[in-house]
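Below, each chain spelled out in residue letters.
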Amino acid sequence: MTRRVEETAVVLQAASVCLCYPDERVLETLPLVRRAVTELTAGTPRDQLSAFLDAVDATSPSELAEHYVAIFDRRRRCCLYLTWWTHGETRRRGGALAALKQRYRCAGAEVDHTELPDFLPAVLEYAATVNLTDGLALLQEHRAGLELLRLALRDARTPYAAVVEAVCALLPGPSPSDIAAAKALARTGPPDEQVGLELAPFTARRENQT
């Protein structure tokens, strides 16, 4: 595995942890995330993840938890569920979720029934630990929603914007600079160029699945 592939997986796994609710388990994992991020090659993903981790270090656990709820549970525009951006609360979303579960199974992933399969941290973990090629393709398929989330988090002036910035920096083509451009991306589709990594699909199952 090349260093670039390894670092891409590290960024995705780090982002997965950072975007989860900051309970005791997540907070205990962040020092490990910090060490992994520090070893990344200089660039946008390392800078953005480091900025987020710095913000977390300057925030008490209770304040961070309250902030997470305020951003992701109370702001509809900061939705972490990718199919919501494409289907909203419609019957079509149910079909998309079922297809996503099947996609995970075909790749050898254990499906976590405690969370919807389009939950962004789950998608990022799938990409990082199960099938990097397909995971990046999945993120690219949902690029417009991902970029709209990035812009909404940026407008909310939350450190969580930096995490999504790090993920978007891994995908081909520049990120839209504003909501109008992101909506245009939704209409026209993301750049169809390949991500540019020479990858072999990961076959390992999630190690932390219960």
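Right above here is the structure, for reference.
So, here is what we can say about the structure in this document.

Quick notes on the rules
Residues numbered from 1 in each chain as written. Predicted model: local features only at pLDDT ≥ 70, side-chain atom pairs only at ≥ 80, totals over all residues. Heavy atoms only, no water. Salt bridge = Lys/Arg side-chain N within 4 Å of Asp/Glu carboxyl O. Helix = DSSP H or I, 4+ residues; strand = E, 2+ residues; numbered from the N terminus. Buried < 20%, exposed > 50% of the residue type's maximum accessible area, 1.4 Å probe, protein only. Axes fitted to C-alpha atoms, helices over the stretch in contact; angles between N-to-C directions. Parallel < 35°, antiparallel > 145°, perpendicular 65-115°, else oblique. Left-handed = near helix turned anticlockwise from the far one by under 90°. Contact = heavy atoms within 4.5 Å. Nonpolar A, V, L, I, M, F, W, Y, C, P; charged D, E, K, R; others polar.

### What to know about the pattern of salt bridges
Here is step 1: The tally for this structure, following the rule as stated, stands at 11 salt bridges.
Here is step 2: Put simply, Asp118 and Arg93 hold a salt bridge, and the shortest N to O gap is 3.2 Å. You can see Asp118 sitting in the loop between α6 (91-106) and α7 (120-129) and its partner Arg93 sitting in helix α6, a full 25 residues away along the chain.
Here is step 3: Of the residues examined, Asp118 reaches a relative accessible area of 0% and is grouped as buried.
Here is step 4: When the shortest N-O distance is used, the salt bridge between Arg154 and Asp155 registers 3.9 Å.
Here is step 5: For Arg154, a relative accessible area of 39% translates into the label partly exposed.
Here is step 6: On the accessibility criterion, Asp155 (43% relative accessible area) is partly exposed.
Here is step 7: Salt bridges sharing partners connect three or more residues here, namely Arg143, Glu147, Arg150 and Glu165.

### Describing the packing of helix α9 (residues 143-155) against helix α10 (residues 160-168)
Here is step 1: Packing of α9 against α10 brings their axes to within 8 Å, and their N-to-C directions diverge by 150°. As summarised for this structure, α9 and α10 are arranged roughly antiparallel, according to the angle between their axes. The handedness of the crossing between α9 and α10 comes out as left-handed. Contact residues: Arg143, Leu146, Glu147, Leu149, Arg150, Leu153 and Arg154 in α9; Tyr160, Ala161, Val164, Glu165, Val167 and Cys168 in α10.
Here is step 2: Across the contact of α9 with α10, the residue classes break down as 8 nonpolar, no polar and 5 charged.

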